[in-house]
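# Architecture at a glance
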Protein chains: 2
Amino acid sequence: MMEKRYIGVDLGGTSMKMGVVDGTGHIVCEMEQPTLGQEGPDGVIKRMISHARDLANQSGTPWDQIGGIGVGLPGFLDIPNGVVKHLTNLGWNEVPIRDRLQAAWELPVVINNDANVAALGEAWCGAGAGVDDVVCITLGTGVGGGIIAGGRLIQGMNGFAGEIGHIQMDPRGYQCNCGQTGCLETISSATGMVRMAMEGLNEGRVSILKEMVPGQNQLTTRDLFAAAARNDKLAQEVIDRAIDALARALAILSVVLNPARFIIGGGVSKAGDALFEPLRLAYGKVTQKNAAQGVEILPAKLGNQAGIIGAAGLIARSPN
Amino acid sequence: MMEKRYIGVDLGGTSMKMGVVDGTGHIVCEMEQPTLGQEGPDGVIKRMISHARDLANQSGTPWDQIGGIGVGLPGFLDIPNGVVKHLTNLGWNEVPIRDRLQAAWELPVVINNDANVAALGEAWCGAGAGVDDVVCITLGTGVGGGIIAGGRLIQGMNGFAGEIGHIQMDPRGYQCNCGQTGCLETISSATGMVRMAMEGLNEGRVSILKEMVPGQNQLTTRDLFAAAARNDKLAQEVIDRAIDALARALAILSVVLNPARFIIGGGVSKAGDALFEPLRLAYGKVTQKNAAQGVEILPAKLGNQAGIIGAAGLIARSPN
């Protein structure tokens, strides 16, 4: 009997990535195609259906050897019913994507949101491999998250679990897009860090950021870390605030979930040691000792492949 | 074939409670015996062993119909290895209780801490029945917790998950026994509430609490709720602070876990509507809308039986 393989699909606003993945999470064959969102759900889904068949062929995997297909989607989903409620980037509303894919592929299909899917990928085959309790955090435009506890993805009643960016760190803080104030995302995302730096510059703070980025609306967290490495006070303050808020959020997650590892990805994580070393120190100071014992804070490993592997894992690692 | 039954043991500092529980979580027969901690672990374990056999007899359950025994313990445990690391109340250290019970009973034995066990009981057969995602919170001397997500108890790497009382609500707050400052427990536990009231009285605040409780070291949260019902400003302020902190902790738990229900037990919860109504209002205000949608905040139902039922559930509801 041939070992089952799985297909993972990672649908984004610009491209759809997919891969044939074996039972150990290894990608056998992958492809990337433009999403072409302007075609609307019908067109996108139609191409997704044929690309998956092509990919299986390309990888030499007979269709009946595919155990199922997982799909990661960037939006608001009704996971149990397999329905896209709303995908902002693509303008989709109320699309019963799972049933349509299942009918066309004649295979079990599971959908989940992209942050959860990436977390599942990292937990299975990336920086979380070998442990059962992992929290993944993506520091990008926003702060995303996904939680694996006891080896399983935590979704909650309506699939909103893992919204780590919306842990409130400061009731008197910045307004967040979510409607609350002072969420972690308003401080420790790239957007939040850049805004804090811009505020400092607008207040007339002395900073080499002014010379480094003449068009200040192009300021990035990479500039902030570069300026801090050159002892820029404002940049360092912004980074310290972002790290302090993140460390306190990890402290909360530690007493709630007691994970073995925190895995940090996304654009801001590319700062490497300049982020991870002070973060580990701050975490050690603010976290209850028992809950912090043995906990590792590690960079994500899989990059873009986390979405493909995790999507395949929705099926390959399901408890049934 | 007879349906399997299970025994749940709830070992406390003063008494050990145990019950024969059927596969639906119904207690068939129960008993309560003094713990007699002064006999040390050997004596206590020996009596626990014989009481369980007696209880099975009493309930008319042949020993080979017992599917296993779960034990809830009030302390610091190594759950995977079944070892009591430290039970403060009883002065036990490094007691390999699971293996000793298993050898004597010749049945599978699982241990877990009392807060997790009570949460499992409530989730299975109490106020959490019928949903898969529940957070239980006990407002007593401290603030304890237990988390059921996707129908399973969340334990974390070292069994410290669910330590909800140690979510930090205020970095500049009171010193907590755990070593950190401003934990939820320092504000919303009975101890925290009474301390805030005492501080007010010591600062010379006008309050009917002075007449109500002449020996102020006997002040309880029941007095606080009684005084607030008589429009006492100090008492109301203390209650508001406790409820505000609790609501904000539930908001955090909602974005992290998206539970369907919060179940609140312990002495402070006996205040009933005077606690639950303002708590629900405050929660609705401070919680991200998607995560709050459809969430219920309910009083615990099972009282002392939660420990017995949940302990039995450690075996009856295990995923294997």
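Residues numbered from 1 in each chain as written. Chains lettered and ligands numbered in written order. Predicted model: local features only at pLDDT ≥ 70, side-chain atom pairs only at ≥ 80, totals over all residues. Heavy atoms only, no water.

If you check an unreviewed UniProt entry, chain A appears there as Glucokinase from Paenactinomyces guangxiensis. Its UniProt record gives chain A the following Sequence similarities (unreviewed entry) comment, quoted word for word: "Belongs to the ROK (NagC/XylR) family." (UniProt positions renumbered as here; feature names shortened; annotations may be inferred.)

### Comments concerning helix H11 (residues 305-316) of chain B
Residues and elements named next belong to chain B. Taking 1.5 Å as the rise per residue, H11 with twelve residues should run 16 Å; its terminal C-alpha atoms sit 16 Å apart, in good agreement. Counting buried positions over the twelve residues of H11 gives ten, a clear majority of the element. Among all positions in H11, only Ala-306, Gly-307, Ile-308, Ile-309, Gly-310, Ala-311, Ala-312, Gly-313, Leu-314 and Ile-315 are buried. (Helix = DSSP H or I, 4+ residues; strand = E, 2+ residues; numbered from the N terminus. Expected span 1.5 Å × (residues − 1). Buried < 20%, exposed > 50% of the residue type's maximum accessible area, 1.4 Å probe, protein only.)

### Brief notes about the interface of chain A and chain B
Across the contact, 40 residues belong to chain A and 40 residues belong to chain B. When the buried area of chain A at its contact with chain B is split by residue, A:Met157, A:Val255 and A:Val256 rank highest and sum to 20% of it. Remark: the boundary between chain A and chain B carries 20 residue pairs in polar contact (both at pLDDT 80 or more). Where the side of chain A that touches chain B is concerned, the elements lending two or more residues are strand E10 (143-149), helix H8 (233-257), helix H9 (273-286) and helix H10 (289-292) of chain A. Considered class by class, the residues forming the side of chain A that touches chain B number 19 nonpolar, 15 polar and six charged. (Contact = heavy atoms within 4.5 Å. Buried area = accessible area lost by both parts, 1.4 Å probe. Polar contact = N/O pair within 3.5 Å; in protein donor to acceptor, adjacent residues only side chain to side chain. Nonpolar A, V, L, I, M, F, W, Y, C, P; charged D, E, K, R; others polar.)

### As for the domain arrangement of chain A
Residue and element names in this part refer to chain A. The assigned domain composition of chain A is domain 1 (5-122 + 304-316) and domain 2 (131-299). Between domain 1 and domain 2, the C-alpha centre-to-centre distance is 29 Å. With eleven residues of domain 1 at the interface, the matching set in domain 2 holds eleven residues. Between domain 1 and domain 2 lies a buried interface of about 850 Å² when both sides are counted; carbon and sulfur atoms form 62% of it. Here domain 1 and domain 2 share one residue pair in polar contact (both at pLDDT 80 or more) between them. Only strand E5 (76-78), strand E8 (109-113) and helix H3 (114-125) provide two or more residues apiece to the side of domain 1 that touches domain 2. Among the elements that take part in the side of domain 1 that touches domain 2, H3 stands out by supplying five residues, more than any other. (Domains from an automatic or database assignment.)

### So, the packing of aromatic side chains
Where two aromatic rings form a pair, the distance of their centres and the angle of their planes describe that pair. All names here are of chain A. Applying the stated criterion across every chain yields a total of four aromatic pairs over all chains. On the basis of an interplanar angle of 70° and a centroid distance of 5.8 Å, the ring pair of Phe-262 and Tyr-283 is categorised as edge-to-face. Here Phe-262, found in strand E12 (residues 261-265), pairs with Tyr-283, found in helix H9; they are 21 residues apart in sequence, far enough to count as distant. For Phe-262, a relative accessible area of 0% gives the class buried. (Phe/Tyr/Trp six-rings, centres within 6.5 Å; stacked < 30°, edge-to-face > 60°.)

### Description of the environment of B:Val238
All names here are of chain B. Structurally, Val-238 can be placed in helix H8 (residues 233-257). The buried category is assigned to Val-238, whose relative accessible area is 4%. Distance from Val-238 to Met-193, taken between C-alpha atoms, is 6.1 Å for residues 45 residues apart in sequence.

### Considering the relation of the copies chain A and chain B
When chain A is fitted to chain B, the best match, at an RMSD of 0.0 Å, comes from turning it 180° and sliding it 0.0 Å along the axis. Such values leave the two copies arranged in the relation of a two-fold axis. When the interface residues of chain A are mapped onto chain B, 100% of them again fall at the interface, so both copies present the same face. (Least-squares fit on C-alpha atoms with pLDDT ≥ 70 in both.)

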